[in-house]
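Fold and contact review
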Amino acid sequence: MTVSDGVRRSTGARKWWALLGFGAAVTVAAAVGGLGVRGTSEEYASLNQPDWAPPSWLFAPVWTLLYALIAIAGWLVWRRVGFGPALWAWTAQLVLNAIWTPLFFGAGRYGLAFAEIVLMWLAIGLTVALFAKLSRPATALLLPYWAWVTFAAALNWSVWQLNW
């Protein structure tokens, strides 16, 4: 083994540890979002909802996939340029993501949750725009998330209006 092999192996290991770190970050965001919020399925089912509202069982698999995509997207950009403005935007949208669930379910503040999800949508848009300058794959990985949050914002608005 040469010194360059050792450096390459160390750098490779660092990449994978970083991916775990990005995975941990989205896991923390998901966990923080769920802290102190119990019975979301029951609460969701008890709300007046539009006809196009999805069943509550759909949210867990969708969010699991989206969180994985968000983590990989952040990691790809980090690998490309390190931690800079694009990843600050990524962090901001993740923080906003964590805040929405306690507002909507924990506090039952549907209007405030809608205002917050609009900010999250804008932060995701900024992240997508910044990622687009750095990594096409990372940008593509965020598009399903942005689409889902667009749908979630429409659902949030409808639920707020129907449960005024």
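Only a predicted model underlies this, so the values are computations on that prediction, with no experimental measurement involved.

Some points on the environment of Leu35
Topologically, Leu35 is positioned in the loop between helix H1 (3-34) and helix H2 (40-46). Considering only alpha carbons, one finds Leu35 and Gly106, 71 residues apart in sequence, at a separation of 8.8 Å.

Let's talk about the packing of aromatic side chains
Using the criterion set out here, one finds 19 aromatic pairs in the structure. Ring centres of Trp121 and Trp146 lie 5.2 Å apart, and the angle between their planes is 40°; this geometry places the pair in the tilted category. With Trp121 in helix H5 (residues 110-132) and Trp146 in helix H6 (residues 136-162), this residue pair connects regions lying 25 residues apart in the sequence. Ring centres of Trp160 and Trp164 lie 5.5 Å apart, and the angle between their planes is 40°; on these two criteria the pair is classed as tilted. Trp160 gets classed as partly exposed once you look at its relative accessible area, which sits at 21%. Members of the aromatic cluster, joined through ring pairs, are Tyr44, Trp52, Phe59, Trp148 and Phe151. Stacked on the ring of Trp75, the Lys or Arg Arg79 has its end atom at 4.9 Å from the ring centre.

A word on the layout of surface pockets
There is about 660 Å³ of room inside the largest pocket. Phe59, Trp63, Trp100, Thr101 and Phe105 are, among the 27 residues lining the largest pocket, the residues nearest its centre. Contributing elements (two or more residues each) for the lining of the largest pocket: H1, H2, helix H3 (59-81), helix H4 (85-106), H5 and H6. With 6 residues, H4 is the largest single contributor of residues to the lining of the largest pocket. Among the residues making up the lining of the largest pocket, the classes are represented as 18 nonpolar, 9 polar and no charged.

Details of H6
The first and last C-alpha atoms of H6 sit 39 Å apart over 27 residues, in line with the 39 Å expected at 1.5 Å per residue. The largest bend in H6 is about 25°, located at Leu143, with the proline Pro144 one to four residues further on. Within H6 the residues assigned to the buried category are Ala138, Thr139, Leu142, Tyr145, Trp148, Val149, Ala152, Ala153, Leu155, Asn156, Ser158 and Val159. Summarising the contacts, the buried residues of H6 are in contact with H2, H3, H4 and H5.

Thoughts on H3
The terminal C-alpha atoms of H3, which comprises 23 residues, lie 33 Å apart, in line with the 33 Å expected from a rise of 1.5 Å per residue. Phi for Gly82, located one or two positions after H3, is positive at around 80°.

Some thoughts on the side chain of Glu116
With respect to the helices and strands, the residue Glu116 is situated in helix H5. Beyond its immediate chain neighbours, meaning those up to four positions away, Glu116 contacts Leu96, Asn97, Ile99, Trp100 and Leu103.

Quick notes on the packing of H3 against H6
Running from N to C, H3 and H6 cross one another at 140°; their axes reach a closest spacing of 8 Å. Between H3 and H6 lies a crossing whose hand is left-handed. Of the residues in H6, those in contact with Phe59, Val62, Trp63, Leu66, Leu69, Ile70, Ile72, Ala73, Leu76 and Val77 of H3 are Pro137, Ala138, Leu141, Leu142, Pro144, Tyr145, Trp148, Val149 and Leu155. Partitioning the contact of H3 with H6 into residue classes produces 19 nonpolar, no polar and no charged.

Things to note about a nonpolar patch on the surface
There is a patch of nonpolar side chains on the surface, built from Val118, Leu119, Trp121 and Leu122 and spanning about 340 Å² of accessible area. Structurally, the position occupied by Val118 is in helix H5.

Brief notes about the nonpolar core
Within the largest apolar cluster, 46 residues are counted, with the highest numbers of intra-cluster contacts made by Ile70, Trp90, Phe104, Ile117, Met120, Phe131 and Tyr145. Of all the secondary-structure elements, those providing two or more residues to this core are H1, H3, H4, H5 and H6. When residues in this core are grouped by element, the largest group, 11 residues, is from H3. If sequence neighbours within four positions are ignored, Ile117 has contacts with Trp100, Val149, Ala152, Ala153 and Asn156.

What counts as what
Every chain is numbered on its own, with residues counted from 1 as its sequence reads. Only residues with pLDDT of at least 70 get local features here, since the model is predicted, and only at 80 or more are side-chain atom pairs given and counted; chain-wide, interface and lining totals rely on the full set of residues. As a rule here, side-chain values cover all heavy atoms of the structure and leave hydrogens and water aside. Helix and strand labels come from DSSP, where a helix needs a run of H or I of at least four residues and a strand needs a run of E of at least two; each type is numbered from the N terminus. Pairing of aromatic side chains here covers Phe, Tyr and the six-membered ring of Trp, requires ring centres within 6.5 Å, and sorts the geometry by plane angle: under 30 degrees stacked, over 60 edge-to-face, intermediate tilted. Each residue is assigned to one of three classes by its accessible area relative to the maximum for its type, calculated with a 1.4 Å probe on protein chains only: buried under 20%, partly exposed between the two thresholds, exposed over 50%. The rule for a charge over a ring is simple: NZ of Lys or CZ of Arg within 6 Å of the ring centre, and within 35 degrees of the ring normal. A 1.4 Å probe that fits into a set of points on a 1 Å grid over the protein atoms alone but cannot get out defines a cavity; an open set with protein on both sides within 12 Å along at least five of seven lines defines a pocket, and lining residues are those with an atom within 4 Å of a point. Grid points are joined across faces, edges and corners, and a volume is the space filled by probe spheres set on the points. When residue character is reported, Ala, Val, Leu, Ile, Met, Phe, Trp, Tyr, Cys and Pro are called nonpolar, Asp, Glu, Lys and Arg charged, and the others, Gly included, polar. One less than the residue count of a helix, multiplied by 1.5 Å, gives the span that helix is expected to have. A residue's bend is the angle separating two fitted axes: one through the seven residues that end there, the other through the seven that start there. Should any heavy atoms of two residues lie within 4.5 Å, those residues are counted as being in contact. Helix axes are fitted only over the stretch in contact, all axes being lines through C-alpha atoms; the angle between N-to-C directions runs from 0 to 180 degrees. Definitions for this section: a left-handed crossing has its near helix turned counterclockwise from the far helix by less than a right angle. A right-handed crossing has that turn clockwise. Two joining distances apply to patches: 9 Å for like charges and 5 Å for nonpolar side chains (Val, Leu, Ile, Met, Phe, Trp, Tyr), and every residue must have over 30% relative accessible area and no salt bridge. Areas reported here follow the Shrake-Rupley algorithm with a probe of radius 1.4 Å; residue values treat only the protein chains shown as occluding. Basic side-chain nitrogens of Lys or Arg form a salt bridge, by our definition, when they fall within 4 Å of a carboxyl oxygen of Asp or Glu. We define the nonpolar core as a collection of buried residues of types Ala, Val, Leu, Ile, Met, Phe, Trp, Tyr and Cys that are connected through side-chain atoms lying within 4.5 Å of one another.

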